[in-house]
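# Descriptive analysis of the structure
Below are the chains, spelled out letter by letter.
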Amino acid sequence: MITGAALTIVGVGAGMLTEYLLDPDQGRARRARMRDKSSRSRRRLAGGLSGMSQDAANHGRGLVMGMRYRVTGRSADDAVLHDRVRAELGRHVSHPHALQVRVDGGIVTLTGDVLAAEEKSARRAVKRIPGVKGVHEQWNVHEEPGDVPTLQGTGRSKS
């Protein structure tokens, strides 16, 4: 229940707000500023909610596609596997152009040059690709780029 003192405070506050907004000199500008701020807040809120819903939809779509890939990707032809392996190597080695990939009946053969720090991660990633039945690493492992021409340069950043 609202007491007499609380009603007085609410009444005084409402009167001050009315005077502030209906002031003949600056009331129009104050009302416009208030309208603009509320419109901006409404747009920002709508944009944020739209972005969040879009993000949730994309995330859900990605989960479904990932599950579908895991189920249907088990039986892929060699050309598709070759492309999958090349893409995965690009995520795990800084010089993917230094590696050659051959696929025959789901068996992947990797040749070329790789850095020792990246070798384990790349091998593990290729083995986890759906459809790969086996991996033969015939690549040369190097501790440092040294004089190996294919390992020169900054390479690609791994992300």
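Notes on the structure follow. (Residues numbered from 1 in each chain as written. Predicted model: local features only at pLDDT ≥ 70, side-chain atom pairs only at ≥ 80, totals over all residues. Heavy atoms only, no water.)

Along the backbone of the chain there are four helices and three strands. In the chain, the succession of α and β elements from N to C terminus is α-α-α-β-β-α-β. Since a compact globule built from 159 residues should have a radius of gyration of about 15 Å, the 32 Å found for the chain marks it as more spread out than a globular shape. By the burial criterion, 27% of the 159 residues in the chain qualify as buried. Expressed as a percentage of contacts within the chain between residues at least 6 apart in sequence, the contacts between residues at least 24 apart total 62%. Put simply, the chain shows about 11400 Å² of open surface, and 56% of that area lies on carbon and sulfur atoms. Each charge class in the chain was averaged separately, 26 positive and 17 negative side chains, and the resulting centres sit 10 Å apart. (Helix = DSSP H or I, 4+ residues; strand = E, 2+ residues; numbered from the N terminus. Rg over C-alpha atoms; globule rule 2.2 N^0.38 Å. Buried < 20%, exposed > 50% of the residue type's maximum accessible area, 1.4 Å probe, protein only. Contact = heavy atoms within 4.5 Å. Areas by Shrake-Rupley, 256 points an atom, 1.4 Å probe, with all protein chains shown as cover. Lys, Arg positive; Asp, Glu negative; His and termini not counted. Charge placed at Lys NZ, Arg CZ, Asp CG, Glu CD.)

Okay, the pairing of strand 3 (residues 134-142) next. Of the strand pairs in this sheet, strand 2 (residues 107-115) and strand 3 are connected by nine bridges, and their pairing is parallel. Counted as the bridge partner of Gly112 is Trp139 from strand 3. Chirality of the crossover, the property in question, places the unit of strand 2, helix 4 (residues 116-127) and strand 3 among those that are right-handed. (Pairing = 2+ DSSP bridges. Right-handed = clockwise from strand over helix to strand, strands pointing away.)

Attention shifts here to the nonpolar core. Counting 16 residues, the largest nonpolar core has Val85, Leu89, Val101, Val108, Leu110, Val126 and Val132 as the members making the most contacts within it. Those residues in contact with Val108 that lie beyond four places of it in its chain are Val85, Val101, Arg102, Val103, Val126, Val132, Gly134, Val135 and His136. (Core = buried A, V, L, I, M, F, W, Y, C linked by side-chain atoms within 4.5 Å.)

Before going further, it helps to spend a moment on the pairing of strand 2. Most of strand 2 is tucked away: seven of the nine residues are buried. Taking the residues between adjacent antiparallel strands as the criterion, strand 1 (residues 99-104) and strand 2 are bridged by two residues, where Gly105 takes a positive phi near 65 degrees.

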